[in-house]
Amino acid sequence: MMDHVRDLASVREATERLLAAVSVLDNAAVAAPSRLPGWSRGHVLAHLARNADALVNVLEDRPMYADAATRDADIERDAPRSPADQLADLRNTADRFLHSAAAAPADWTRVITMRNGVTDVAARVPFRRWIEIELHHVDLGLDRELEDLSEEFTGREIDFLAERFAGNPTVRPLALSTPDGRSWRTGRTDGAPLPVTGPAPDLMGWLAGRRDGSALKSPDAPLPLLPPL
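Residues numbered from 1 in each chain as written. Predicted model: local features only at pLDDT ≥ 70, side-chain atom pairs only at ≥ 80, totals over all residues. Heavy atoms only, no water.

Colleague: An account of the overall build of the protein chain is requested, with residue identities and associated values reported.
Modeller: Scanning the protein chain from N- to C-terminus turns up eight helices and five strands. Secondary structure of the protein chain in N-to-C order comes out as α-α-α-α-α-β-β-α-α-β-β-β-α. Here the C-alpha atoms of the protein chain give a radius of gyration of 18 Å, agreeing with the 17 Å that 2.2 N^0.38 yields for 229 residues. Dimensions of the protein chain along its principal axes, counting C-alpha atoms only, are 50 × 45 × 35 Å. Taking all 229 residues of the protein chain together, the buried fraction comes to 50%. Looking at the protein chain as shown, the accessible area adds up to about 11100 Å², and 54% of this sits on carbon and sulfur atoms. Of the side chains in the protein chain, 27 bear a positive and 35 a negative charge, and the two mean positions are spaced by 2 Å. (Helix = DSSP H or I, 4+ residues; strand = E, 2+ residues; numbered from the N terminus. Rg over C-alpha atoms; globule rule 2.2 N^0.38 Å. Buried < 20%, exposed > 50% of the residue type's maximum accessible area, 1.4 Å probe, protein only. Areas by Shrake-Rupley, 256 points an atom, 1.4 Å probe, with all protein chains shown as cover. Lys, Arg positive; Asp, Glu negative; His and termini not counted. Charge placed at Lys NZ, Arg CZ, Asp CG, Glu CD.)

Colleague: Describe helix α6 (residues 125–139), with residues and values.
Modeller: Between its terminal C-alpha atoms α6 stretches 21 Å, which fits the 21 Å expected from 15 residues at 1.5 Å a residue. Counting buried positions along α6 gives 14 out of 15 residues, so the element sits mostly inside the fold. In the segment just after α6, Gly-141 is the residue with positive phi, at about 70 degrees. (Expected span 1.5 Å × (residues − 1).)

Colleague: Mind laying out the environment of Gly-191, listing which residues take part and the relevant values?
Modeller: Within the secondary structure layout, Gly-191 lies in the loop between β4 (183–186) and β5 (194–197). Put simply, Gly-191 and Ser-40 are 151 residues apart on the chain and 41 Å apart in space, counted from C-alpha to C-alpha.

Colleague: Tell me about the side chain of His-43, and name the residues and values.
Modeller: Tracing the chain through its elements places His-43 in helix α3 (residues 41–59). The class of His-43 is buried, set by a relative accessible area of 11%. Apart from residues lying up to four places away in sequence, His-43 is in contact with Gly-38, Ile-75, Glu-76 and Ala-79. (Contact = heavy atoms within 4.5 Å.)

Colleague: Give me the packing of aromatic side chains: which residues, what numbers.
Modeller: Throughout the structure, instances matching the rule amount to four aromatic pairs. Pairing Phe-127 with Phe-153 gives two aromatic rings, centres 6.1 Å apart and planes at 50 degrees, and the pair type is tilted. In this pair, Phe-127 sits in helix α6 while Phe-153 sits in helix α7 (residues 151–165), placing the two residues 26 residues apart along the sequence. Residue class for Phe-127 comes out buried when judged on its relative accessible area of 2%. Look at Phe-153 and you get buried, because its relative accessible area is 0%. (Phe/Tyr/Trp six-rings, centres within 6.5 Å; stacked < 30°, edge-to-face > 60°.)

Colleague: Which residues make up the pairing of strand β3 (residues 174–177), and what are the values?
Modeller: If a strand is regular, its side chains alternate between the two faces of the sheet. Here β3 pairs with β4 via four bridges, running antiparallel. Following the sheet pairing, Leu-176 is matched in β4 by Trp-184. Connecting β3 to the antiparallel partner β4 that follows it, the hairpin turn spans five residues, and Gly-181 within it adopts a positive phi of roughly 100 degrees. (Pairing = 2+ DSSP bridges.)

Colleague: Please set out the sheet that holds β4 residue by residue, giving values where relevant.
Modeller: An order of β4-β3-β5 is seen for the three strands of this open sheet, with the pairing classed as mixed. Edge positions in the sheet fall to β4 and β5, since each has one partner strand and no second. Adjacent strand axes in the sheet meet at a mean angle of 20 degrees, parallel and antiparallel pairs treated alike. Each of β3, β4 and β5 is contacted by helix α8 (residues 200–207), which is oriented at about 145 degrees to β3, the strand it contacts most. (Axes fitted to C-alpha atoms, helices over the stretch in contact; angles between N-to-C directions.)

So this is what it looks like as structure tokens:
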């Protein structure tokens, strides 16, 4: 069961960590490359602010973005801003998201529509925001690694990603596991699954496109190339 109230508390905590890390950045640090190909840290910060606005749209039953081109243009427009402007936008949009998510009673079981027609239940929107903050904080390449993320978050994100790839005809059947005994199935449902084993942060990083999988064990065949998220 999704606990949106508990997830909102986690969003608040993750947001405060992010704001503290960003508050010490200077112009050169914001303009420096992030860990995401082609994006500066300013791109990552702009994306996080615009994502908060987009999730407010979702919670208030509006389209997440006007269209893909507008989304991309907004990030490019906002990426070169000063550290002070980045921080203020990040804080203000985070506050708007939390206010929108917590301000009024809502049907958290209702179906909402994300980008590209993807649907979900409203109760998972806070967790989706938590994902954005945690992974993109790591993408900034500052003070946080995948190993620093909580065991709860890491396990739930693997659940989320395994669900996302489940049934995808372009992903071969996979049997994922960690040394502590947790396991997941994903990919196509036909044929014998390829066993893939490794620490949870590395497994999450591979599924999320943040690591190449070199720390994972796949004795029967090379790791497949996963489609972009």
